[in-house]
Amino acid sequence: MTGSRLLVGNLLGEDDLARLLHAGDPRRRRERPPSQTVLRTASRLATFLRAFAREGDRLWTPAPVDPEELPQVPGVPIPILESGPLERIEPAEEVLAWCETPAAAALRTRPRDPGVPWDAPLQEILWRLPTAPPSVVARVHHRAFHLQIAEELGCALPGARMVDSLGELDRTLSSSEAPASWVVKAPLSASGRERYIERNGPHLAEPKSRHTVERLFERHGPLLFEPWLDRIADYGCAVLLTEAGMRIASLHSQRVDLKGQFSGIDLEGFDLPAPDRERMDEVVEGVARALCREGYAGPFGIDAWSYRRPDGGIAFHPLGEINARMTFGLVAQTLAERDGGYSASRFPGSGFQAVAASFSAVKR
């Protein structure tokens, strides 16, 4: 079966990257296996990776999925579904993973052919993109890297920093410049999970909240501290990157809830004023250069948003996150290319929006 192609729907890949990054560190995060609810929800979302499938391809998901439950999408086949421990899955000559982790990379029996056919359909280009070593992916997917690049590009949020402990967070919040609303985020996380938002600060006084943040430090080590902004519109950009150049695959609006948790994609709703669009283009190019400098190649995405300032004016933040992996903006764009009728109104449909929202909200 090694001649077949394998899609790896490892939507929990950040957990694997964290283990890789903290291997040998006595302060490494405490292991907490995903709950069955998380595994099932991530698996349902992972089935959308069939956007990149041909007939006969295999798709691995963290938990079993009934193929009868998958919605039909014209022109998109339903692959052979597999699950179980990833290290026990039959390898393949061609492997395409949501996130390039050690376990996913180990399943690939031959390196990818050099050269990317940029004029090919998206669902085929992804199979030809170069892959980065998982250690590089872990480094550039980390929020400390995001903060470093945001500072280099002049778009870090005021007061943003990595904080090492609850004591350091308290000292940060005691400053006269501390924001009343703020967030701390795990260094390797996705979909708005593994974070704490304080809206009535700046001080963190409530015992239950302090315990929640302390547990985040215990599991993840240093956290990214940022002011929490009154977001009014969210955007995303999906990019394909090689040493020779890059291609923007999708510019789209994103649907998020009040906690900033992802719930869907709107391919037809991308509408930015010209100055903000130019700034976003500059930031995308800057992020691409930084990723290449670190040795990363493959798909990546950035998030951005517009927000309301305290004086009531509207401002644009061009770099909210760097995702050194696939994104659902890329998946949505590929589905739209394969079936012209699979528009913005349908991608969040067919169960996607409800599943994405539950994945964001569920606790481990």
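Residues numbered from 1 in each chain as written. Predicted model: local features only at pLDDT ≥ 70, side-chain atom pairs only at ≥ 80, totals over all residues. Heavy atoms only, no water.

Chemist: Explain the packing of helix α1 (residues 13-21) against helix α5 (residues 134-141) to me, please; I cannot follow it from the model alone.
Modeler: A pair of packed helices can be characterised by two numbers: the angle between their axes and the separation between those axes. The contact between α1 and α5 brings their axes to 9 Å, and the two run at 100°. Classified by the angle their axes make, α1 and α5 are roughly perpendicular. From α1, Glu-14, Leu-17, Leu-20 and Leu-21 reach across to α5, where they touch Pro-134, Ser-135, Val-137, Ala-138 and His-141. The residue makeup of the contact of α1 with α5, split by class, is six nonpolar, two polar and one charged. (Axes fitted to C-alpha atoms, helices over the stretch in contact; angles between N-to-C directions. Helix = DSSP H or I, 4+ residues; strand = E, 2+ residues; numbered from the N terminus. Parallel < 35°, antiparallel > 145°, perpendicular 65-115°, else oblique. Contact = heavy atoms within 4.5 Å. Nonpolar A, V, L, I, M, F, W, Y, C, P; charged D, E, K, R; others polar.)

Chemist: Hey, could you run me through the sheet that holds strand β11 (residues 262-266) in this one?
Modeler: Sheets are built from strands that pair by backbone hydrogen bonding, the pairs being arranged parallel or antiparallel. Overall, antiparallel pairing links the five strands, which are arranged β11-β10-β9-β12-β13 in an open sheet. With partners counted over all chains shown, the strands left at the sheet margins are β11 and β13 (314-323), one partner each. When strand polarity is set aside, the average angle formed by the axes of neighbouring strands in this sheet is 35°. (Pairing = 2+ DSSP bridges.)

Chemist: Is there a simple way to explain empty space enclosed by the protein in this structure?
Modeler: Think of a ball as big as a water molecule: rolled over the atoms, this probe shows where empty space is left. Scanning the entire structure with this criterion turns up seven cavities of 30 Å³ or more. For the second largest cavity, the calculated volume is near 130 Å³. If you go around the second largest cavity, you meet 21 residues; those closest to its centre are Ala-97, Glu-100, Thr-131, Tyr-296 and Pro-299. For the lining of the second largest cavity, the elements supplying multiple residues, two or more each, are β4 (94-97) and β12 (298-308). Broken down by element, the lining of the second largest cavity gets its largest block of residues, three residues, from β4. Across the lining of the second largest cavity, the residue classes break down as 15 nonpolar, two polar and four charged. (1 Å grid on protein atoms, 1.4 Å probe; cavity = no way out; pocket = protein on both sides within 12 Å on 5 of 7 lines; lining within 4 Å. Points joined across faces, edges and corners; volume = space filled by probe spheres on them.)

Chemist: Looking at this structure, how should I read the nonpolar core?
Modeler: Taken as a class, soluble globular proteins show a tendency for nonpolar side chains to be buried jointly. Core analysis: the biggest nonpolar cluster contains 74 residues, and Phe-52, Met-280 and Tyr-296 have the highest contact counts within it. Sorting elements by how many residues they give to this core places helix α9 (residues 274-293) first, with seven residues. Residues within four places of Met-280 in sequence aside, it is in contact with Tyr-235, Gly-236, Cys-237, Leu-251, Phe-270, Leu-272, Ile-302, Ala-304, Phe-316 and Pro-318. The next biggest cluster of nonpolar side chains, apart from the first, holds 13 residues, and it includes Val-163, Tyr-196, Val-213 and Phe-217. (Core = buried A, V, L, I, M, F, W, Y, C linked by side-chain atoms within 4.5 Å. Buried < 20%, exposed > 50% of the residue type's maximum accessible area, 1.4 Å probe, protein only.)

Chemist: Hey, could you run me through the sheet that holds strand β3 (residues 80-82) in this one?
Modeler: With parallel pairing, four strands are arranged side by side in an open sheet as β3-β2-β1-β4. Two strands lie at the open edges of the sheet, namely β3 and β4, each paired on one side alone. The sheet shows a mean angle of 20° between the axes of neighbouring strands, direction not considered. As judged from the four bridges shared by strand β1 (residues 5-8) and β4, these two strands associate in the parallel manner. Considered in β4, the bridge of Leu-7 is made with Leu-96.

Chemist: Before we go on, may I ask you to explain the pairing of strand β8 (residues 223-227) in this structure?
Modeler: Along a regular strand, successive side chains alternate from one face of the sheet to the other. Among the five residues in β8, five count as buried, and that is most of the element. Residues Leu-223, Phe-225 and Pro-227 point to one face of β8 and Leu-224 and Glu-226 to the other, with burial holding for every one of them. Looking at chain direction, strand β5 (residues 161-163) and β8 are connected through three bridges and run antiparallel. By the bridge assignment, Arg-161 is partnered in β8 with Phe-225. Here four bridges tie strand β6 (residues 182-185) to β8, and the two strands are oriented antiparallel to one another. By the bridge assignment, Val-183 is partnered in β8 with Glu-226.

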